[in-house]
Amino acid sequence: MMSAVVRAEGLTKRYNGRVHALAGVDLTVARGEWLGVMGPSGSGKTTLLNLIGCLDRPSAGRLLIAGDDVTTLSQAELVRFRRNHIGLIFQQFHLIPYLTALENVMLAQYFHSLADEAEARVALERVGLGERLHHLPAQLSGGEQQRVCIARALINQPSLILADEPTGNLDQANEERVMDLLRELHAAGHALIVVTHDPAIGDLADRLIYLDHGRVVREQGLRPLAGGALVR
Amino acid sequence: MLIRLLGDSLRRRTRRAAVAILAISVGTALAAALLGISLDITEKMAREMRSYGANILATPDSGDVQLEVGGITIRPPAARGGIDETQLVKLKTIFWRNNVVGFAPFLSAIVEVRDQQVALTGTWFDRTLTLPAGASVRTGADTREKAASTSTFRTGVRVIAPWWQVEGKWANDEDPGAAMVGSALARRLGLRVGDAFTAHYAGRPLALRAVGLVSTGGYEDEQIFVGLTTAQGLLGLSRGADKVLVSALVEPDDRLRPDLRGRDPAQMTPEQYATWYCSPIMGAIVTQVKEVLPNADVRPIRQIAEAEGGFLSKVGLLMTLLTATALAASALAVMTAMTASVLERRTEIGLMKAIGADAGQIALVFLSEAGLMGLVGGLLGYVAGLALAAFVGQQVFAAAVSPPPAVLPVSIALALGVALAGSALPVRQAVRLDPVSLLRGR
Amino acid sequence: MLWRMLRGSWRHRRVRLGVATLSMLLGAAMTSALINLSFDVGSQTGRELRAYGANILLLPRGASLTPGGTREGRGIRERDLAALDGIPAVVGYAPSLYLVADVQGRPLAAGGVVFERLQAMSAWWRVTGSWPAAPDEALLGVSAARSLGLAPGDRIAIGYHDAKRELVVAGLVETGGAEDNQVLVPLPVAQALAGQPGQVGLVQVSALVAGQSLVEVAGAIEARLPDIQARPLRQFAQAEESVVAKVRLLLALVAAVVLGVAALAVGSTMFTAVVERRAEIGLMKALGAAERRVAALFLADGIGVGAIGGLGGYAAGLGVAALIGQQVFHATLQPNPLGLPVTLAVATGVALAASIWPVRQALAIDPAVILRGE
Ligand SMILES: Nc1ncnc2c1ncn2[C@@H]1O[C@H](COP(=O)(O)OP(=O)(O)OP(=O)(O)O)[C@@H](O)[C@H]1O
Ligand SMILES: [Mg+2]
């Protein structure tokens, strides 16, 4: 299946050899697909995302992203791979406190290739922060910070965007805005994996999986994929 | 972007950055101050040691056995006045002329005063000599030049023997009747300040007046001192002295280039000899004094010279060890501070890794920041260190210490090196860790 | 609860606390090293100079250093000199009896000396051959040896008035001073020649100038030996006193500088350690903690770091001082009794002072502002 962005087989993550955070997950995400991940706390959602985001290495199993087996990549190759293919959105935003909104976005460009202020400005305007370019994170509301985080995630045109409870810290109105943005990203052709506790966001996904105790316990196709790819 | 990143980091994290820079500059200040002091201390202490008086002795070159008692040499009349005192001004033309603090000629005779045999010594008390413009002065082992301008300098006993305690006045060199009498002798002869007395030499009388009484605790307490010309007149000489004492600033032999230490100058190559000749050590200065006093036997006064050398080496070693300790301690302290400031920012490193920065990029960001802080802190510390060294120099030696220019690059390099080393370690460690644990907080 | 919180916080912040303690330790080590050094180094450098000749001369009362040697008849009784051992500042003394003797038919100054005592005060003497050990051995000045044509091992005849002795030249001495033209013989030989058994004419005394001036030492000697005049040699007295004072002052100032620098470095580390935890302070306040409680928690931290770092640093500094003393003076330095209290006081004082300000500031700020970050 060449159009798969993510292809996981028997993905397992153990901590300290005992805690099975993930226990043999098989998963495929097609190009441009939006996958929702839900499940109770401690079920391994963040762990799965970290593995797919190449932030962490699986204890066992195979993981292919954009056709490359990332389990065989070296640390340095993982970094290069991540900056070319993946955008990350965190629940805690993780912005650098002493950089302005604009600079936080430019930082990702800088690590990727070259910082381009105009492009970063466009990205922030796209998330509705055209007016707040030069504010520090501490001067932004949680929702605004999350939008900076989204702008930063999409600035390098990644084929896959990973979001871990992107609205977990936000109110209704901000949640709406973030959801709109995610929809736009999806429409623009980015594949999305969104971890959430919120059924409303889960419902936006093309497909939804439920994790419990590190296993996929349920899977639900919500709508057919554009390319007619099969839902397993 | 890197510059922007550094600028923002330093500007918006002012307090943290300030603390790190403070730590660096404080460490550098200590290093620079101690380096400056310890590199200059030998010279300063050498000057201090000059309060010991003369350390070089020149006597007429005669192979005969001498009877030296009570601090004066009893010589046969034919051998008197072997050193021409008019040549002494040439001591200020030798290569190390500025190290010659002072000198004085001495000419002694045993005279009879109030039926007692006493030693009478002619000398220079306080003379101002003039070296005319155009005099030929040494500029190297075999180079000379003409002095550009006339120079004057003070010399005599008053300069080389600051420990003389005088009751009354110092005698005037030009006054043929003025005498300074040793305090023990004066007590014995019943002389007081202002008293007149007559000294007899070979039946000739010499009318003198005790303008001052000298006490030193040594042989001087038993002698009579008069102007050199007066003593020469008494002995029937037109010129000449039989002893010259020279007080010169001398640094210990361990300041000599290591490969020349303990070697016989006569066996050196011309290049080595030139270096030896231009080092401010006893051997070189004695050689140079010999060059201007050709028919004198010139020797270091070893009691003084070696006490001085030994002492200076000790003090030098002491300061060197202290400086090394302080350097090590401040380097460690700065490294610790830098390590702490990087440790504090591990989450940031984790985030940078998560959004795609590789190890090199992260290292570049953090190390250039450390480098910048090292540079700024090093400069500030250097300036503060100079001020500290100057303060200490002023307090201890009442003279500014003049640290060699090498202290600047050394201080900066040190600050930079230590700041970089202190950051490199934790950055390396953080870069190795996986971003997940860094982002989770620990 | 305070203890529990401290334990938790210490375990949790091992690295930071380690860093703070280390920096405290370094500062305290430098401080303690210098305090210990500056206490003893003045006297050590003074002692160094004492190997280079006497700085006090003892003469019989009323006698003088005349060209003919000391007056005959009146002398110092050799056995009285034992009283000098009771004066702590006196590090050595060498009695002598000088005569103008007839040596191999020529007039030469001959000194009767106690060689072991003289040797300890004569670091600059260069002896070829050996120092005399037997009662019939003499040390001959190099210049005298040259003109008399004598070498070590040769016999030398010394006469004074009617008395005459024959000795063996054990070695030749070069001092660059008067001794080069003298012959030195064992004291009993000179006493026998002069017909003055048990008498000496001159005693060279080497006294430390640490603590008291040479004039005071001379006074103490005269008080114990009433028939003697003690003359400080102003040349050495003045020079030594000034040089030793300079070294002392230098070390004291360097110690002060190091102290200041160490305090600054330690202070800044503690300061950051507290500033870093401002959020924690905000949180505690938000949870309703009384300001005193919060302050106590943080100041306890400071005291802990100060005490541990101060103690460790004191020990390390003592080691450094001992090492330097051994290297420079080949002597064990006496530790300064003030070292421990001063080092500890400085360490905890600085740690506290550096914590108080940021804690107070953090307490003054609205917790909401702190919790929001930066
Ligand atoms: N570093 C670690 N060491 C040990 N166990 C860990 C570690 N990280 C995560 N775990 C465990 O792995 C399991 C899965 O954690 P994960 O963070 O993936 O859960 P989650 O589904 O994201 O939960 P939540 O919805 O609460 O965020 C949990 O039981 C957690 O305790
Ligand atoms: Mg989670």
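Residues numbered from 1 in each chain as written. Chains lettered and ligands numbered in written order. Predicted model: local features only at pLDDT ≥ 70, side-chain atom pairs only at ≥ 80, totals over all residues. Heavy atoms only, no water.

> Which residues make up the overall build of chain A, and what are the values?
Across its full length, chain A carries seven helices and ten strands. Relative to the compact-globule value of 17 Å for 232 residues, chain A shows a C-alpha radius of gyration of 17 Å, a close match. Taken along its principal axes, the extent of the C-alpha atoms in chain A is 45 × 40 × 35 Å. A buried classification covers 56% of the 232 residues belonging to chain A. In chain A, the share of contacts with a sequence separation of at least 24, taken over all contacts with a separation of at least 6, comes to 67%. On chain A, roughly 9,400 Å² of surface is accessible, and the fraction owed to carbon and sulfur atoms is 49%. Of the charged side chains in chain A, 23 are positive and 26 negative; the average position of the first set lies 7 Å away from that of the second. (Helix = DSSP H or I, 4+ residues; strand = E, 2+ residues; numbered from the N terminus. Rg over C-alpha atoms; globule rule 2.2 N^0.38 Å. Buried < 20%, exposed > 50% of the residue type's maximum accessible area, 1.4 Å probe, protein only. Contact = heavy atoms within 4.5 Å. Areas by Shrake-Rupley, 256 points an atom, 1.4 Å probe, with all protein chains shown as cover. Lys, Arg positive; Asp, Glu negative; His and termini not counted. Charge placed at Lys NZ, Arg CZ, Asp CG, Glu CD.)

> Talk me through the side chain of Ser25 of chain B; I want residue IDs and the actual numbers.
In this fold, Ser25 of chain B is placed in helix α2 (residues 14-49). Aside from chain neighbours lying at most four places away, what touches Ser25 of chain B is Gly377, Leu380 and Gly381 of chain B.

> Can you lay out the interface of chain C and chain B for me, pointing to particular residues and giving the numbers?
The interface of chain C with chain B comprises 76 residues on the first partner and 70 residues on the second. Roughly 6,800 Å² of surface becomes buried between chain C and chain B when both sides are summed, with 69% attributable to carbon and sulfur atoms. Between the two partners, chain C and chain B, sit six salt bridges. Among the secondary structure elements, those contributing two or more residues to the side of chain C that touches chain B are α2 (14-49), β4 (106-113), α4 (142-148), β12 (228-232), α7 (234-275) and α9 (291-329) of chain C. For the side of chain C that touches chain B, the element with the most residues is α7 of chain C, which contributes 24 residues. Split by residue class, the side of chain C that touches chain B holds 44 nonpolar, 18 polar and 14 charged. (Buried area = accessible area lost by both parts, 1.4 Å probe. Salt bridge = Lys/Arg side-chain N within 4 Å of Asp/Glu carboxyl O. Nonpolar A, V, L, I, M, F, W, Y, C, P; charged D, E, K, R; others polar.)

> Could you give an account of α2 of chain C, with specific residues and numbers?
All names here are of chain C. With 36 residues, α2 ought to run about 52 Å at 1.5 Å a step, and its terminal C-alpha atoms sit 51 Å apart, in line with that. A bend of about 40° at Val41 is the largest found in α2. In terms of residue burial, α2 counts as a mostly covered element, since 27 of its 36 residues are buried. (Expected span 1.5 Å × (residues − 1). Bend = angle between axes of the 7 residues up to and from the residue.)

> Residues and numbers for the sheet that holds strand β5 (residues 68-69) of chain A, please.
Hydrogen bonds between backbone groups are what pair the strands of a sheet, and the pairing can be parallel or antiparallel. All names here are of chain A. Strand order across the open sheet formed by four strands is β2-β1-β4-β5, with antiparallel pairing between neighbours. The open sheet has two free edges, formed respectively by β2 (19-30) and β5, since each of these has just one partner strand. By the bridge criterion, five bridges tie strand β1 (residues 4-15) to strand β4 (residues 60-65) in an arrangement that is antiparallel. Its bridge partner lying in β4, Arg7 is registered against Leu64. Of the strands in this sheet, β1, β2 and β4 are in contact with helix α1 (residues 45-52), which crosses β2 at around 55°. (Pairing = 2+ DSSP bridges. Axes fitted to C-alpha atoms, helices over the stretch in contact; angles between N-to-C directions.)

> Outline the environment of Asn55 of chain C, supporting the account with residue identities and numerical values.
Residues and elements named next belong to chain C. Within the secondary structure layout, Asn55 lies in the loop between α2 and β1 (56-60). A C-alpha to C-alpha distance of 9.3 Å links Asn55 and Glu240, two positions 185 residues apart in sequence. Every residue in contact with Asn55, bar those within four places of it in the chain, is listed here: Arg50, Val205, Ser206, Ala207, Leu214, Arg231, Pro232, Leu233, Phe236 and Glu240. A polar contact is formed between the side chain of Asn55 and the backbone oxygen of Ala207, at a distance of 2.9 Å. Separated by 3.4 Å, the side chains of Asn55 and Glu240 make a polar contact. (Polar contact = N/O pair within 3.5 Å; in protein donor to acceptor, adjacent residues only side chain to side chain.)

> I'd like a rundown of the packing of helix α6 (residues 270-277) of chain B against helix α7 (residues 282-292) of chain B, residues and numbers included.
All names here are of chain B. Between α6 and α7, the shortest axis-to-axis distance is 8 Å and the interhelical angle comes to 90°. With respect to each other, α6 and α7 are oriented roughly perpendicular. Taken together, the residues of α7 that come into contact with α6 (itself represented by Tyr273, Trp276 and Tyr277) are Gly283, Ala284, Thr287, Gln288 and Glu291. Its residues assigned to classes, the contact of α6 with α7 comprises four nonpolar, three polar and one charged. (Parallel < 35°, antiparallel > 145°, perpendicular 65-115°, else oblique.)

> Tell me about the pairing of strand β9 (residues 182-186) of chain C, residues and numbers included.
Residue and element names in this part refer to chain C. The element β9 is largely enclosed, with a buried count of five among its five residues. One ladder, built from five bridges, connects β4 with β9; its direction is parallel. The partner of Ala109 across the bridge, within β9, is Gln182. Alignment of strand β6 (residues 137-141) against β9, held across two bridges, turns out to be antiparallel. Pairing of Leu140 across the sheet is with Val183, part of β9.

> Residue-level account of unusual backbone geometry, with values.
Negative phi is the rule for most residues except glycine; trans is the rule for most peptide bonds. Residues and elements named next belong to chain B. One non-glycine residue, Asp115, adopts positive backbone phi at about 70°. Looking at the secondary structure, you find Asp115 in the loop between β4 (100-113) and β5 (116-123). Relative accessible area serves as the criterion here: at 72%, Asp115 is assigned to the exposed category. In the Ramachandran plot, Ala202 falls in the positive-phi region, its phi being about 50° despite a non-glycine side chain. Looking at the element boundaries, Ala202 is found in the loop between β12 (196-201) and β13 (204-215). Given a relative accessible area of 65%, Ala202 falls into the exposed group.

> Provide a residue-level description of the packing of α2 of chain B against α7 of chain C, including the pertinent values.
For the pair α2 of chain B and α7 of chain C, interaxial distance at closest approach is 10 Å and the crossing angle is 175°. Taken together, the axis directions place α2 of chain B and α7 of chain C in an arrangement best described as roughly antiparallel. Each residue belonging to the contact of α2 of chain B with α7 of chain C can be placed in one class, and the counts come to 21 nonpolar, three polar and four charged.

> An account of the domain arrangement of chain C is requested, with residue identities and associated values reported.
Residues and elements named next belong to chain C. Segmentation of chain C into domains returns domain 1 (2-47 + 242-371) and domain 2 (55-232). Computed from C-alpha coordinates alone, the two centres of domain 1 and domain 2 are separated by 56 Å. Counting from both sides, the interface comprises five residues of domain 1 and, opposite them, five residues of domain 2. Of the roughly 330 Å² buried between domain 1 and domain 2 on both sides combined, carbon and sulfur atoms contribute 76%. In this structure, the connection of domain 1 to domain 2 is made through zero salt bridges. The interface formed by domain 1 and domain 2 includes zero residue pairs in polar contact (both at pLDDT 80 or more). Secondary structure elements with two or more residues in the side of domain 1 that touches domain 2: α2 and α7. Considering every element that reaches the side of domain 1 that touches domain 2, the biggest residue donor is α2, with three residues. (Domains from an automatic or database assignment.)

> Explain the pairing of strand β8 (residues 163-174) of chain C to me, using residue names and the numbers behind them.
All names here are of chain C. As paired elements, strand β5 (residues 126-129) and β8 share four bridges and run antiparallel to each other. By the bridge assignment for β8, Val127 is matched with Val173. As defined by bridge partners, β6 adjoins β8 across five bridges and the pair is classed as parallel. Across the sheet, residue Ala138 finds its bridge partner in β8, namely Val169. Of the strand pairs in this sheet, strand β7 (residues 155-160) and β8 are connected by six bridges, and their pairing is antiparallel. Its bridge partner being in β8, Gly159 is matched across the sheet by Lys164. Hairpin connection from β7 to β8: two residues lie between these consecutive antiparallel strands, with His161 at a positive phi of about 50°.

> Which residues make up the nonpolar core, and what are the values?
In this structure, Leu124 and Ile193 of chain A are the most contacted members of the largest nonpolar core, which totals 91 residues. Top contributing element to this core by residue count: helix α3 (residues 101-112) of chain A, with eight residues. Sequence-distant contacts of Ile193 of chain A, that is, excluding residues within four places in its chain, are made with Val6, Val29, Leu35, Val37, Leu49, Ile52, Leu160, Ile161, Leu162 and Ala163 of chain A. Within the second largest apolar cluster, 84 residues are counted, among which are Ala171 and Val211 of chain B together with Leu49 and Trp125 of chain C. (Core = buried A, V, L, I, M, F, W, Y, C linked by side-chain atoms within 4.5 Å.)

> Could you give an account of a nonpolar patch on the surface, naming the residues involved and the relevant values?
Together, Leu372, Leu375, Val376 and Leu380 of chain B make up a nonpolar patch on the protein surface, roughly 310 Å² of accessible area in all. For Leu375 of chain B, the location among the structural elements is in helix α10 (residues 359-397). (Patch = residues over 30% accessible without salt bridge, like charges linked within 9 Å, V, L, I, M, F, W, Y side chains within 5 Å.)

> Give a detailed account of the packing of aromatic side chains, specifying residues and quantitative values.
The tally for this structure, following the rule as stated, stands at 14 aromatic pairs over all chains. Ring plane angle 10° and centroid distance 5.6 Å describe the contact between Trp164 of chain B and Trp170 of chain B, whose orientation is recorded as stacked. Through a chain of ring-to-ring contacts, the aromatic side chains of Phe95, Trp96, Tyr273, Trp276 and Tyr277 of chain B assemble into a single cluster. Here the basic side chain of Arg218 of chain A rests over the ring of Tyr210 of chain A, its NZ or CZ set 3.9 Å away from the ring centre. It is Arg117 of chain C that lies over the ring of Tyr93 of chain C; its NZ or CZ is 4.0 Å from the centre. (Phe/Tyr/Trp six-rings, centres within 6.5 Å; stacked < 30°, edge-to-face > 60°. Lys NZ or Arg CZ within 6 Å of the ring centre and 35° of its normal.)

> Provide a residue-level description of the confidence of the model for chain C, including the pertinent values.
Residues and elements named next belong to chain C. Model confidence for chain C is summarised by a mean pLDDT of 82, while 91% of its residues fall at 70 or above. Within chain C, β6 carries the highest mean pLDDT (94), whereas helix α11 (residues 367-371) carries the lowest (60). Under the prediction, the complex receives an ipTM of 0.77, its pTM being 0.74. (pLDDT = per-residue confidence, 0-100.)

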